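So you can see what is in the structure, the chains are spelled out below.
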Amino acid sequence: MAGSSTSAAPHRHTNRLASEHSPYLLQHAHNPVDWYPWGEEAFENARKRNVPIFLSIGYSTCHWCHVMEVESFENKEIAKMLNDWFVSIKVDREERPDVDKVYMTYVSALYGGGGWPLSVFLSPNLKPLMGGTYFPPDDNYGRPGFKTVLRKVKEAWETKCEMLERGGTLAIEQLSEALSAAAKSTKLSDELAQASLKTCSQQLASSYDPKFGGFGSAPKFPRPVEVCLLLYESKKLMENSRQSEANKNMRMICHTLHCMARGGIHDHIGGGFHRYSVDECWHVPHFEKMLYDQGQVANVYLDTFSITRDAFYASIARDVLDYLRREMIGDTGEIYSAEDADSAEHHGASRKKEGAFYVWTSQEIEEPLGEYANLFKDHYYIKPSGNCDLSRMSDPHNEFKGKIVLIEREDIPSMASKWGKSVDEYCHILAECRKKLFDVRSKRPRPHLDDKVIVSWNGLAVSSFARASRILRTEPKGTKYYFPVVGCDPNEYLEVAEKAASFIRKNLYDLSTQRLQHSFRNGPSKAPGFLDDYAFLISGLLDLYEFGGKIDWLSWAIELQATQDKLFLDREGGGYYNTPGEDPSVLLRIKEDHDGAEPSGNSVAAINLIRLSSIISGARSEDYRRTAEHLLAVFETRLKDQGIAVPLMCCAVDMLAVPSRKQVVLVGDKASAEFDDMVVAVFASYDPNRTVIQIDHSSREEMEFWENCNPNIAQMVKGTMEDKQAVAHVCQDFVCSPPVTDPDALRALLGKA
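Note that the coordinates shown come from a computational prediction; the quantities given were computed from them, not determined experimentally. (Residues numbered from 1 in each chain as written. Predicted model: local features only at pLDDT ≥ 70, side-chain atom pairs only at ≥ 80, totals over all residues. Heavy atoms only, no water.)

Quick look at the overall build of the protein chain
Turning to step 1, where the next piece is worked out: The helix and strand inventory of the protein chain stands at 27 helices and 20 strands.
Turning to step 2, where the next piece is worked out: The globule rule puts the C-alpha radius of gyration for 753 residues at 27 Å, and the 27 Å found for the protein chain is close to it.
Turning to step 3, where the next piece is worked out: C-alpha atoms of the protein chain, sized along the principal axes, occupy 80 × 70 × 45 Å.
Turning to step 4, where the next piece is worked out: In the protein chain, which comprises 753 residues, the proportion classed as buried is 60%.
Turning to step 5, where the next piece is worked out: In the protein chain, the proportion of contacts linking residues at least 24 apart, taken out of those at least 6 apart, comes to 70%.
Turning to step 6, where the next piece is worked out: Of the roughly 29,500 Å² of accessible surface on the protein chain, 49% is carried by carbon and sulfur atoms. (Helix = DSSP H or I, 4+ residues; strand = E, 2+ residues; numbered from the N terminus. Rg over C-alpha atoms; globule rule 2.2 N^0.38 Å. Buried < 20%, exposed > 50% of the residue type's maximum accessible area, 1.4 Å probe, protein only. Contact = heavy atoms within 4.5 Å. Areas by Shrake-Rupley, 256 points an atom, 1.4 Å probe, with all protein chains shown as cover.)

Quick notes on the packing of aromatic side chains
Turning to step 1, where the next piece is worked out: Scanning the model with the defined rule gives 30 aromatic pairs in all.
Turning to step 2, where the next piece is worked out: Three or more aromatic residues joined by ring pairs make a cluster, and in this case those are Trp35, Phe54, Phe73, Phe86, Phe121, Phe135 and Phe146.
Turning to step 3, where the next piece is worked out: Lys90 extends its terminal NZ or CZ atom over the ring of Trp35, reaching a point 5.0 Å from the ring centre.
Turning to step 4, where the next piece is worked out: The ring of Tyr381 has Arg409 lying over it, and the distance from NZ or CZ to the ring centre is 4.6 Å. (Phe/Tyr/Trp six-rings, centres within 6.5 Å; stacked < 30°, edge-to-face > 60°. Lys NZ or Arg CZ within 6 Å of the ring centre and 35° of its normal.)

A word on the packing of helix H8 (residues 224–239) against helix H9 (residues 243–262)
The angle between the axes and the distance between the axes are what describe a pair of packed helices.
Turning to step 1, where the next piece is worked out: Here H8 crosses H9 at 160 degrees, and the two axes come no closer than 8 Å. In this view, H8 runs roughly antiparallel relative to H9, as classed from their interaxial angle. Classified by chirality, the crossing of H9 by H8 is left-handed. Here H8 contributes Val227, Leu230, Leu231, Glu233, Ser234, Leu237 and Met238 to the contact with H9, which in turn contributes Gln243, Glu245, Ala246, Asn249, Met250, Met252 and Ile253.
Turning to step 2, where the next piece is worked out: Per-class residue counts for the contact of H8 with H9 are nine nonpolar, three polar and two charged. (Axes fitted to C-alpha atoms, helices over the stretch in contact; angles between N-to-C directions. Parallel < 35°, antiparallel > 145°, perpendicular 65-115°, else oblique. Left-handed = near helix turned anticlockwise from the far one by under 90°. Nonpolar A, V, L, I, M, F, W, Y, C, P; charged D, E, K, R; others polar.)

Here we look at the environment of Pro490
Turning to step 1, where the next piece is worked out: Relative to the helices and strands, Pro490 is located in the loop between helix H16 (455–471) and helix H17 (491–507).
Turning to step 2, where the next piece is worked out: With a relative accessible area of 8%, Pro490 lands in the buried category.
Turning to step 3, where the next piece is worked out: Spatially, the C-alpha atom of Pro490 lies 59 Å from that of Arg166, the residues being 324 residues apart in sequence.
Turning to step 4, where the next piece is worked out: Setting aside its immediate chain neighbours within four residues, Pro490 contacts Arg318, Ala468, Ser469, Leu472 and Arg473.

Observations concerning the nonpolar core
Turning to step 1, where the next piece is worked out: If you look at the biggest cluster of nonpolar residues, it comprises 177 residues, and the most contacted ones within it are Phe146, Tyr301, Leu554, Leu666, Trp706 and Leu746.
Turning to step 2, where the next piece is worked out: For this core, the element with the most residues is helix H18 (residues 531–548), which contributes eleven residues.
Turning to step 3, where the next piece is worked out: Once you skip the residues sitting within four places of it in the chain, Leu666 turns out to touch Phe675, Met678, Val679, Val682, Val692, Ile693, Gln694, Ile695, Val727, Ala728 and Leu746.
Turning to step 4, where the next piece is worked out: The next biggest cluster of nonpolar side chains, apart from the first, holds 28 residues, and it includes Leu55, Ile57, Val99 and Ala171. (Core = buried A, V, L, I, M, F, W, Y, C linked by side-chain atoms within 4.5 Å.)

What about the sheet that holds strand E9 (residues 338–339)?
Turning to step 1, where the next piece is worked out: Pairing within the open sheet is antiparallel, and its three strands lie in the order E8-E9-E12. Looking along the sheet, the strands with just one partner apiece sit at the ends: strand E8 (289–290) and strand E12 (449–450).
Turning to step 2, where the next piece is worked out: The sheet contact formed by E8 and E9 spans two bridges and is antiparallel. Along E9, the bridge assignment pairs Lys289 with Glu339. (Pairing = 2+ DSSP bridges.)

Re the state of the cysteines
Turning to step 1, where the next piece is worked out: By the definition in use, this model includes two disulfides.
Turning to step 2, where the next piece is worked out: Between the sulfur atoms of Cys62 and its disulfide partner Cys65 the distance amounts to 2.4 Å. Taking the torsion about the sulfur-sulfur bond, which here is approximately 80 degrees, the covalent link between Cys62 and Cys65 counts as right-handed.
Turning to step 3, where the next piece is worked out: Judged by its relative accessible area of 3%, Cys62 falls in the buried class.
Turning to step 4, where the next piece is worked out: Since its relative accessible area comes to 3%, Cys65 is described here as buried.
Turning to step 5, where the next piece is worked out: Through a disulfide, Cys731 is tied to Cys736; the S-S separation comes to 2.0 Å. In this structure the cystine formed by Cys731 and Cys736 twists about its S-S bond by roughly 100 degrees; its chirality is therefore right-handed.
Turning to step 6, where the next piece is worked out: Among the residues examined, Cys731 registers a relative accessible area of 7% and is labelled buried.
Turning to step 7, where the next piece is worked out: On the accessibility criterion, Cys736 (42% relative accessible area) is partly exposed.
Turning to step 8, where the next piece is worked out: Indicated for the protein chain is the disulfide connectivity 1-2, 3-4, based on numbering the bonded cysteines in sequence order.
Turning to step 9, where the next piece is worked out: Between Cys200, a cysteine without a disulfide, and Cys650, which holds the nearest cysteine sulfur, the sulfur-to-sulfur distance is 4.4 Å. (Disulfide = S-S within 2.5 Å.)

Things to note about unusual backbone geometry
With the exception of glycine, most residues fall at negative phi, and the peptide bonds are largely trans.
Turning to step 1, where the next piece is worked out: Each neighbour pair has its own omega, and for Trp116 with Pro117 the value is 5 degrees, a cis peptide bond.
Turning to step 2, where the next piece is worked out: For Pro117, the location among the structural elements is in the loop between helix H5 (97–111) and strand E4 (118–122).
Turning to step 3, where the next piece is worked out: Backbone torsion omega between Ala218 and Pro219 reads -5 degrees, so that peptide bond is classified as cis.
Turning to step 4, where the next piece is worked out: For Pro219, the position within the fold is in the loop between helix H7 (190–206) and H8.
Turning to step 5, where the next piece is worked out: For Gln514, which is not glycine, the phi dihedral falls at a positive 60 degrees.
Turning to step 6, where the next piece is worked out: Position of Gln514 relative to the elements: it lies in the loop between strand E14 (509–510) and strand E15 (515–516).
Turning to step 7, where the next piece is worked out: In this structure Gln514 comes out as partly exposed when scored by relative accessible area, which is 30%.

Some words on the packing of helix H10 (residues 291–308) against helix H11 (residues 311–327)
Turning to step 1, where the next piece is worked out: The N-to-C vectors of H10 and H11 enclose an angle of 155 degrees; their axes lie 8 Å apart at closest approach. Compared by their axis directions, H10 and H11 come out roughly antiparallel. Judged by the sense of rotation from one axis to the other, the crossing of H10 with H11 is left-handed. Residue-level contacts link Leu291, Gln294, Val297, Ala298, Tyr301, Leu302, Thr304, Phe305 and Thr308 of H10 to Ala311, Phe312, Tyr313, Ala314, Ile316, Ala317, Val320, Leu321, Tyr323 and Leu324 of H11.
Turning to step 2, where the next piece is worked out: Class assignment of the residues belonging to the contact of H10 with H11 gives a composition of 16 nonpolar, three polar and no charged.

Regarding H16
Turning to step 1, where the next piece is worked out: With 17 residues, H16 should reach 24 Å at 1.5 Å per residue; the first-to-last C-alpha distance of 24 Å fits that figure.
Turning to step 2, where the next piece is worked out: In terms of burial, H16 is a largely internal element, 17 of the 17 residues being buried. (Expected span 1.5 Å × (residues − 1).)

Describing the pattern of salt bridges
Turning to step 1, where the next piece is worked out: In the structure shown here, the tally under the stated rule is 50 salt bridges.
Turning to step 2, where the next piece is worked out: The closest approach of N and O atoms between Asp389 and Lys383, which form a salt bridge, is 2.4 Å.
Turning to step 3, where the next piece is worked out: The class for Lys383 is partly exposed, based on a relative accessible area of 24%.
Turning to step 4, where the next piece is worked out: Across the salt bridge formed by Glu704 and Arg700, the nearest N and O atoms sit 3.3 Å from each other. Within this pair, Glu704 and its partner Arg700 are both found in helix H25 (residues 700–709), separated by four residues, close to a single helical turn.
Turning to step 5, where the next piece is worked out: A relative accessible area of 40% means that Glu704 is categorised as partly exposed.
Turning to step 6, where the next piece is worked out: According to the relative accessible area criterion, Arg700 is exposed, its value standing at 67%.
Turning to step 7, where the next piece is worked out: One continuous salt-bridge network, built from bridges that share partners, spans Asp92, Glu94, Asp450 and Lys452. (Salt bridge = Lys/Arg side-chain N within 4 Å of Asp/Glu carboxyl O.)

And the structure:
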């Protein structure tokens, strides 16, 4: 298989992409193709020449994007065809998700599937004519070759362009109608509130893989929203004394998370998770690492730890977060987007190969490990002939013949017993070996780092770091940490979350307009903030406030929610559009609902509104709830029939149906150890229907906030014992328990519900 180029030779060609900031566009700046960035200059040229547009969409860490570049976009013959017959435009899907969504929706609807690279031919007025994904340069793999496609599109445009344009216009009209549906009612049916969670859970259970964990067959993606729903339902079942049903869910969750952590999709040497597994046993991954995966995966391990109290899950959460701290965070706190799947096999190599940084040979592992080499090889299924043989799906093209992808096939206690070691000694040996291999690996050429900062993905990461800062304070005493886990004070994770949020506020937020920009690299991008940017960041800020306690984060979340409503909310039809609708070159505004690798903006927005309605009182609280219900009503049919497509939205429906969220109001001196202990006590248990409010009664700023936003809370604070450093009020169903001042008493009180 072709890899991407690493050549540093002088460039023969330079096109307009050389002046862009996107790493993906810059990767193509020296192709012989006369690329344009998305914009009016390209559109005007296509209109002037009356030629179709070739639109190529991808991202900088996309393996097949690299392959198509080497095979086609560096090919002079193909470049000449593109330059003579088309206007060629490159788009980074991470920089312009709005443009990507339009044409990915078109390709998926017409051809039954999509992916990247996305290759679409457009009329000069941007209507789609035909499209696909990866094309080999010549007819191959059962696909038409790119040269063949280019000739056919040119011929069709010259002989029947009017028919093609009419077809493209009709396709956009039909998609627009289908994807911006309005709710039939502003209310949800009672039946839906009771049924959607159960329906989704049953659909997930029917697709569960009892042998290897996860849901569905290969390729397997770590889709955290599935685990989120099962965790949420488990908590609900426990509260209703349906323990056996809850246990069934927890067995699926725990087995899945164990199999993921033991599989090759988990980077055992450096921490974090790869994008997905090509086989059913989580062994051979597609090696890129995406920020949006890391934050969400860390969260489901944290929540599973909160329920099971098993330190294994806390350790994997730390593993992920420590990887992000080590490799993915900039000097001013910004969190980068991704690491590539491809890298050079050695310094000076002219081509990159997928997984080169991560895979090993048996000899490469033996040499640095000395006396423990055999133990390590036994533990991670290492064989001289290579180990990518667990499934016929693991390596169908023999790309990794003779190579090793680390995988644990047996649990640590069993292996420790086999080798006559205590569990602690065995873990210590494995950690020592991993550190030696980490040092060896660090000398290899690193995969490309996409150092673009995306607001939505940073929002997901902010949430996980903030939550970890308190949840991990409840780890069992004496917990030991093994490389690549650092074992830092969990408070350090809160600092990471706050720095990332501060970077966005400083660099990607306009205080005068109260609007976000979507991304940052060498300055803010031209693209505005999209729904996901607002919704995911608001969610992260609410977690920063609830877990960290600084009122500024809550105030900003409320401010952003008002802007989100102004820019994206369909007040008549319900729900949020994905874009502000201000760019005429973006032909579709869509109300997205699918909770995939990333949750949908509408699912997260619904939960944000429910959370805010429990923090704020009065008319604004009621408005938040009405907006959430109207939003969910838009997707009632989907929730009823295809819950498995919208698991997080199913959770939102149930959250809305809860008569009264539990409120925990902590009052006192936030700087005191007593207050800190009470905060930790609150988060010792998992409860997605809990709102935590932290108030320093000596802060005039905070008291003014609550007097304006929730006078009932302000009154409660004024009646709190001032001689105590920390007092907790627990309220639910419009009744408050007597205040408590002891962390153990608070844990016991919260454990009763």
